[in-house]
Amino acid sequence: MTAVEFVKYHGTGNDFLVVDASAPVPDREAFAVAHCDRETGVEAGERRGADGVLFLDLDVDADPARVEMTLVQPDGSIAEMCGNGARCVASWAAERSGATEFVVETPAGDRRAVVRDDGVQVEMGRPSFAPADVPLAREEPLVEESVEGLTVTAVNTGVPHAVAFVDDVDAVDLPAIAPAVRHADVFPEGANVTLAEAVDAEEDDKGVRYRQRTFERGVEDETRACGTGAVAVLAAARRTGRTDGESAVVSPPGGDLRVTVPDDGSATLAGPTEREASGTLEVEP
Ligand SMILES: N[C@H](CCC[C@H](N)C(=O)O)C(=O)O
């Protein structure tokens, strides 16, 4: 039986097992399914299991240093992008290299990340409501329409999100209603299902403030935070005329995320990360 080293990080509660891409893991899908399971997976850090495995390939000779990121989720799927995951990638790379600026290479594209004392900021690309980008199985954008009983706006922030604005995110039984939306025919590649509730901004907030909850595709459950979802909240709020601001604090259960969605240019996501634990994981032959 082979064992590989891992480090566990979380970004506002969205937790990941980080494994060097050169580690001998012939079946990454089976590895992620086994070790991310919340009931039977790895016992390390605050919660058993994880929201995915980040296989990382760090190139410190590039300027700025580059990290190729592959996120294998608990259901074995590979995600095109992960905002909190990219933030954890930068923290891991900074710990390994001493650098503070990185280009994170993702299937959704290259994303610059900067590690600061108060957390990690990552560029998130331009949100898109275009049917071909989300993607949607129709020709026109999906804005404030009912999908399986939930009024949502569909946007791609690296991955597809269906965003619903509600009066109280805690009043919604998200695990019960989300699967039908996540698997709706209008989303040929599925969608993460994100709830957003406008709340009063706090004294030192820049811009508006939303509470957030997300049921994640590939985790097939609610996570404590979702970075692409936080960007989707502000992008959808702007698209539906709820705000014309370019900045927001978005608060999933796991903590506060600072988001910008400028009129033109890349969105950004910033917030804390934490190194939770390390150890070894067994690899099935
Ligand atoms: N579950 C997402 C990928 C991870 C996104 C989330 N963890 C984030 O921080 O952006 C999907 O398959 O679309």
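On a predicted model such as this, the values are computed, not experimentally measured, just so you know. (Residues numbered from 1 in each chain as written. Predicted model: local features only at pLDDT ≥ 70, side-chain atom pairs only at ≥ 80, totals over all residues. Heavy atoms only, no water.)

Overview of the nonpolar core
Spelled out, the test is: What makes a nonpolar core is a set of buried Ala, Val, Leu, Ile, Met, Phe, Trp, Tyr and Cys residues whose side-chain atoms join them at distances within 4.5 Å. Each residue's exposure class comes from its accessible area (1.4 Å probe, protein chains only) as a fraction of the maximum for that residue type: buried when under 20%, exposed when over 50%, partly exposed otherwise. Put simply, DSSP H or I for four residues or longer makes a helix, DSSP E for two residues or longer makes a strand, and each gets a number counted from the N terminus. In this document the domain limits rely on a domain assignment from an automatic tool or a database.
Within the largest apolar cluster, 49 residues are counted, with the highest numbers of intra-cluster contacts made by L54, L56, M69, F102, F165, V259 and L269. Looking at which element gives the most residues to this core, the answer is helix α4 (residues 227–239), with 8 residues. Lining this core are residues from two domains, each supplying at least three of them: domain 1 (2–124 + 272–283) and domain 2 (131–265). Ranked by size, the runner-up nonpolar core spans 22 residues in total, among them V172, L174, A178 and V193.

Side note on the site of the ligand
Defined as follows: Here a residue is near a molecule or strand as soon as one of its heavy atoms is found within 4 Å of it. We call two N or O atoms a polar contact when they sit within 3.5 Å, provided that within protein one can donate a hydrogen and the other can accept it, with sequence-adjacent residues counted only if both atoms are side-chain atoms. Using a 1.4 Å probe, accessible areas were evaluated by the Shrake-Rupley method; residue-level cover was limited to the displayed protein chains.
In the vicinity of the ligand, 14 residues are found, and the nearest of them are Q73, N192, E216, R217 and T228. The contact in question runs from an oxygen atom of the ligand to an N or O atom on the backbone of N84, over 3.0 Å. When isolated, the ligand has an accessible area of 360 Å², and the protein chains bury 99% of it. Elements represented by at least two residues in the shell around the ligand include exactly α2 (83–97) and α4.

Description of the UniProt feature "active site" (unreviewed entry) in the protein
Counted only if it meets this: UniProt positions are given in the numbering used here, feature names are shortened, and annotations may be inferred rather than shown by experiment. What makes two residues a contact is simply this: any of their non-hydrogen atoms within 4.5 Å.
Per the UniProt record, the feature "active site" (unreviewed entry) sits at C82 and C226. A maximum C-alpha distance of 7.9 Å is found for the annotated residues, which run over 145 residues; spatially they form one tight group. Inspection of the secondary structure assignment puts C82 in the loop between β5 (78–79) and α2. Not counting chain neighbours up to four residues away, the residues in contact with C82 comprise F16, M69, L71 and T228. Position of C226 among the secondary structure elements: in the loop between β14 (221–223) and α4. Overall, the relative accessible area of 3% leaves C226 in the buried class. With near-sequence residues (within four places) excluded, C226 lies in contact with N14, N84, H161, Q212, T214, E216 and L257.

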